[in-house]
Amino acid sequence: MKFATFKKNGHSAIGIVDTARGEILDLSMAGDGNPAFRDMLSLIEAGAGGIAAAKAAAEAWDANAIVVLKDAKLLAPIPVPPQIRDASVYGTHIRQAPRGMQRLAARKRGDEAAAAKIEADAEVPPTYKQIPIYYITNRFSVIGPDATVTWPRYSDTMDFELELGIFIGKTGSNIAKEKAADHIFGYTIFNDFSARDQQMKEMQARLGPAKGKSFDTGNAVGPWIVTPDELGDPQKLNVEVRVNGESWSKNTTAGMLHSFEDMIAYISTDETLHAGELIGSGTVGNCCGLELDRFLKDGDTVELEVEKIGILRNKVVRPK
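Residues numbered from 1 in each chain as written. Predicted model: local features only at pLDDT ≥ 70, side-chain atom pairs only at ≥ 80, totals over all residues. Heavy atoms only, no water.

Another point: the packing of aromatic side chains. Enumeration according to the criterion identifies 4 aromatic pairs in this entry. Aromatic pair tyrosine 134 and tyrosine 266: ring centres 6.5 Å apart, planes at 80 degrees, arrangement edge-to-face. Separated by 132 residues along the polypeptide, tyrosine 134 in strand E7 (residues 134–137) and tyrosine 266 in helix H10 (residues 260–267) bring together distant segments of the chain. Between the NZ or CZ atom of arginine 318 and the centre of the ring of tryptophan 151, over which it lies, the distance is 4.0 Å. (Phe/Tyr/Trp six-rings, centres within 6.5 Å; stacked < 30°, edge-to-face > 60°. Helix = DSSP H or I, 4+ residues; strand = E, 2+ residues; numbered from the N terminus. Lys NZ or Arg CZ within 6 Å of the ring centre and 35° of its normal.)

Here we come to the sheet that holds strand E9 (residues 148–150). Read from one edge to the other, the open sheet built from 5 strands follows the order E9-E19-E18-E15-E16, with strand pairing classed as mixed. In the strand order of this sheet, the two ends are held by E9 and strand E16 (246–252), each with one partner. Strand-to-strand twist in this sheet, taken as the mean axis angle between neighbours without regard to direction, amounts to 20 degrees. Looking at chain direction, E9 and strand E19 (residues 310–317) are connected through 3 bridges and run parallel. Bridge pairing in E19 places threonine 150 opposite valine 317. (Pairing = 2+ DSSP bridges. Axes fitted to C-alpha atoms, helices over the stretch in contact; angles between N-to-C directions.)

A word on helix H8 (residues 196–203). In terms of burial, H8 is a largely internal element, 6 of the 8 residues being buried. Among all positions of H8, only Arg196, Asp197, Gln198, Gln199, Met200 and Glu202 are buried. Taken together, the buried residues of H8 touch helix H4 (91–108), strand E10 (158–159), strand E11 (161–168), strand E13 (194–195), strand E17 (278–288) and helix H11 (289–292). (Buried < 20%, exposed > 50% of the residue type's maximum accessible area, 1.4 Å probe, protein only. Contact = heavy atoms within 4.5 Å.)

The biggest cluster of nonpolar side chains holds 53 residues, and the ones touching the most others in it are Phe193, Ile264, Leu296 and Ile309. Counting residues in each nonpolar core, the second largest holds 27 residues, with Ile84, Val142, Phe190 and Leu278 among its members. (Core = buried A, V, L, I, M, F, W, Y, C linked by side-chain atoms within 4.5 Å.)

The next subject is the side chain of aspartate 192. Within the fold, aspartate 192 resides in strand E12 (residues 184–192). At 2.7 Å, the side chain of aspartate 192 forms a polar contact with the side chain of lysine 213. If near-sequence neighbours (up to four positions away) are discounted, aspartate 192 is found in contact with Asp86, Tyr135, Phe160, Glu161, Glu163, Lys213, Gly218 and Asn219. (Polar contact = N/O pair within 3.5 Å; in protein donor to acceptor, adjacent residues only side chain to side chain.)

This part takes up the pairing of strand E15 (residues 238–243). Within E15, 5 of the 6 residues are buried, which leaves it mostly tucked inside the rest of the structure. Where E15 lies against E16, 6 bridges are found, and the strand directions are antiparallel. Looking across to E16, one finds that glutamate 240 is bridged to lysine 250. Turn length for the E15-E16 hairpin, with the two strands adjacent in sequence and antiparallel, is 2 residues, and the turn residue asparagine 244 shows positive phi of about 55 degrees. In this sheet, strand E18 (residues 301–306) lies alongside E15 in antiparallel orientation, the contact comprising 5 bridges. For valine 241, the partnering residue across the bridge sits in E18 and is leucine 304.

By the element assignment, asparagine 191 lies in strand E12. Within the structure, asparagine 191 has its side chain in polar contact with the backbone nitrogen of glutamate 161 (distance 3.0 Å). Here asparagine 191 is in contact with Phe160, Glu161, Gly218, Asn219, Ala220, Val302, Leu304 and Leu312, once residues within four sequence places are set aside.

With that settled, consider the pattern of salt bridges. Within this structure, the stated rule accounts for 23 salt bridges. The residue arginine 242 makes a salt bridge to glutamate 240 at a minimum N-O spacing of 3.0 Å. Exposure remark for arginine 242: the relative accessible area of 13% places this residue in the buried category. With relative accessibility at 16%, the residue glutamate 240 sits in the buried group. Two residues, arginine 242 and glutamate 305, come together in a salt bridge whose shortest N-O distance is 2.9 Å. Pair noted here: arginine 242 is in strand E15 and glutamate 305 is in strand E18, with a separation of 63 residues, a long-range link. In this structure glutamate 305 comes out as partly exposed when scored by relative accessible area, which is 30%. Within this structure, Asp146, Glu240, Arg242, Glu303, Glu305 and Arg313 form a network of salt bridges that share partners. (Salt bridge = Lys/Arg side-chain N within 4 Å of Asp/Glu carboxyl O.)

Next comes the structure, spelled out in structure tokens:
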């Protein structure tokens, strides 16, 4: 199933998405007041009982509870998730991102010749192979599909990043890899917008990104959550980046150095992972401007498409 959060009468509601019908089944109307249907986090925390109730509602598909999908204002599946952790598990991006940063630094110095000579790293650093590296980002800066990203005033170099994301479905700690799949509620698309020039400055301190990643509207998530039974293997999906309708990159989600199950097992070691947390995969190879040497402009519309999930679309606007 696909679960979405959408705006209704000034409030948010959740529903089941049927893309073939072009409809959303409003669970607040179809669920007979079930508290599991209050919001997405409530549905996740309800566990198997919540999913069973949603399936029963889907089978009935009450005509009185239908919202036309194209007319609905979709929000992020969980507008304020309990936590966001963003990993980096794609070797191509890990090798090429430093080249992009060095190239950007050379251009800031006005040395185009040096920028042209910079090569990608030949190997993935050993640490990335040993453990799923991740950082924690701002859970309050989440937006949904078709929302506007406000370009931070301190940046001149704005970038997108196509990532696959999961929402945790069950709270737990010290989760064994063999049991980790039971803790995945579903999959979504994550656009980790990045102020690359600011990130470049911050990363020199070797403490991780701050204002390069953390600014209002910087984390776009959506358009909905797809449950594991409908999505299948998360490493067998075609992806595409389009800017203003022009294809900038195509790839697949194959080639993770660590699976989502690996991430869950590692993150939950002596630390509780809570239901509703969002974990990003890190950038799929060649699916960000830093790797393509091509950055966004004021007014650009970015579309990230992931097979079996959908399209996450956002416009980037500089404040006047």
